[in-house]
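Spelled out from the first residue to the last, the chains are:
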Amino acid sequence: GLIKRVACDDGVHSVTNAACCALFPIIDDIQENLFDGGECGEEVHESLRLTFHDAIGFSKTAGGGGADGSIITFDDVETAFHANGGIDEIVNVQKPFIARHNITAGDFIQLAGAVGVSNCLGAPRLPFFLGRPTATAASPPGLVPEPFDSVDTILARFDDAGFSPVEVVWLLISHTIAAADLVDPTIPGTPFDSTPGVFDTQFFVETQLKGTLFPGTGSNEGEVQSPLAGEIRLQSDHLLARDPRTACEWQSFANNQARLQNRFIAAMQKLSVLGHDQSTLTDCSDVIPIPKPLTTQVAHFPAGLSVQDVEQACTTAAFPTLSSDPGPATSVPPVPPS
Ligand code: HEM
Ligand SMILES: [Ca+2]
Ligand SMILES: [Mn+2]
């Protein structure tokens, strides 16, 4: 049936819940002044990472308010956690936006993440719920996973936050639009796949390839060899791609854009309301811009590489058949700093 929509006072938008109208000026500000006019660049990547580092501060045993904005409200405490290295930058960039709008830090962080992702070609339209109260305490330490953690440690941490091993893989779809600044600090902006500005499946193709090189100074804590010059691989991504508990789910995304989108929606929905009773929040998903689809690009092996370079880990399904890019092996350029 038809969903009843309400016209906003701005004379432009209409929404299902009138309370969501107030978000449009905030989204305009975010797009113009946080994401440089709607790009899928460094601030989008950092803003998506921030949604996770705020929300994962949630534990069945240790406490923590989840997606409550505590990483901004109590930034003196949380940005000092080792696993939050570099997060102070996006915290400081987002703070003035929160100050000039009537929105809590918890809501703003998840709103900016969902709007940011919508700027990336091939991304799903993420849900957004409104109404997180201001955080009352900082997250306890030790809840944010590190790239040098074992798979056992990572899966146990996520289990404690309510996520199954398969859902961990879904959350890591985020690393298709990601780069590292501090894993090897000599090469900031080094991406995890060859297309950090595109929400595609290349991350799942490229993390399954045999690692052959370090893009910078060599082995750093949490880093293993990658298959491409200019690309960095986290030890955690490498191990999750090869562990019997997660390898088949990992491979399932290597050439399935629809599944990639659909599972990321489910995972981010859950992450973004962690610590809240969803029935106390207002569904404002219809304020999130509709992303542009990927039209031409399909999953492929980077030039010079092929199925011969795949380290097959899933034992119940074959790696998808993909073509290799023509030409000599190329280098992945860094994500430009903002
Ligand atoms: C096992 C879990 C995870 C580990 C160990 C991990 C680790 C990391 C590390 C080490 C970086 C690079 C930081 C830097 O040096 O600048 C990074 C970047 C990133 N992570 Fe994760 N991550 C995990 C899960 C997630 C999740 C669940 C999300 C979001 C839902 C996420 C989103 C991102 C994004 C978007 C970036 C790129 C930031 C940028 O380009 O500036 N990560 N992650
Ligand atoms: Ca990508
Ligand atoms: Mn960065």
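Residues numbered from 1 in each chain as written. Chains lettered and ligands numbered in written order. Predicted model: local features only at pLDDT ≥ 70, side-chain atom pairs only at ≥ 80, totals over all residues. Heavy atoms only, no water.

- By the naming in an unreviewed UniProt entry, the protein goes by Peroxidase and is assigned to Hohenbuehelia grisea.
- On record in UniProt, under Sequence similarities (unreviewed entry), the comment for the protein is "Belongs to the peroxidase family. Ligninase subfamily." (UniProt positions renumbered as here; feature names shortened; annotations may be inferred.)

A closer look at the side chain of N84
- On the secondary structure map, N84 appears in the loop between α4 (75–78) and α5 (87–100).
- Polar side-chain contacts of N84 include one of 2.7 Å to the side chain of H53.
- There is a polar contact of 2.7 Å between the side chain of N84 and the backbone oxygen of E78.
- For N84, the contacting residues outside a window of four places in its chain are R49, H53, I71, E78, T79 and V144. (Helix = DSSP H or I, 4+ residues; strand = E, 2+ residues; numbered from the N terminus. Polar contact = N/O pair within 3.5 Å; in protein donor to acceptor, adjacent residues only side chain to side chain. Contact = heavy atoms within 4.5 Å.)

Here we look at the coordination of the calcium ion (ligand 2)
- T176 (O), T176 (OG1), D193 (OD), D193 (OD), T195 (O), T195 (OG1), V198 (O) and D200 (OD) make up the full set of protein donors to the calcium ion (ligand 2), lying at 2.4 to 3.1 Å.
- Spacing between the donor residues of the calcium ion (ligand 2) along the chain follows T-x16-D-x1-T-x2-V-x1-D. (Donors = N, O, S within 2.8 Å, 3.2 Å for Na, K, Ca; no water.)

Remarks on helix α2 (residues 42–55)
- Compared with an ideal rise of 1.5 Å per residue, which puts 14 residues at 20 Å, α2 spans 20 Å between its outermost C-alpha atoms and is within 8% of the ideal.
- Counting buried positions along α2 yields 13 of 14 residues, so the element is predominantly enclosed. (Expected span 1.5 Å × (residues − 1). Buried < 20%, exposed > 50% of the residue type's maximum accessible area, 1.4 Å probe, protein only.)

Comments concerning empty space enclosed by the protein
- As enumerated under the stated definition, the model contains two cavities of 30 Å³ or more in all.
- Taken together, T51, Q110, G113, A114, L126, P127, M268, Q269 and S272 make up the lining of the largest cavity.
- Elements supplying a minimum of two residues to the lining of the largest cavity: α6 (105–118) and α12 (257–272).
- Its residues placed into classes, the lining of the largest cavity shows four nonpolar, five polar and no charged.
- Around the second largest cavity sit H53, G57, E78, F81, N84, S139, P140, G142, L143 and V144, which together line it.
- Taken together, the residues that form the lining of the second largest cavity break down as four nonpolar, five polar and one charged. (1 Å grid on protein atoms, 1.4 Å probe; cavity = no way out; pocket = protein on both sides within 12 Å on 5 of 7 lines; lining within 4 Å. Points joined across faces, edges and corners; volume = space filled by probe spheres on them. Nonpolar A, V, L, I, M, F, W, Y, C, P; charged D, E, K, R; others polar.)

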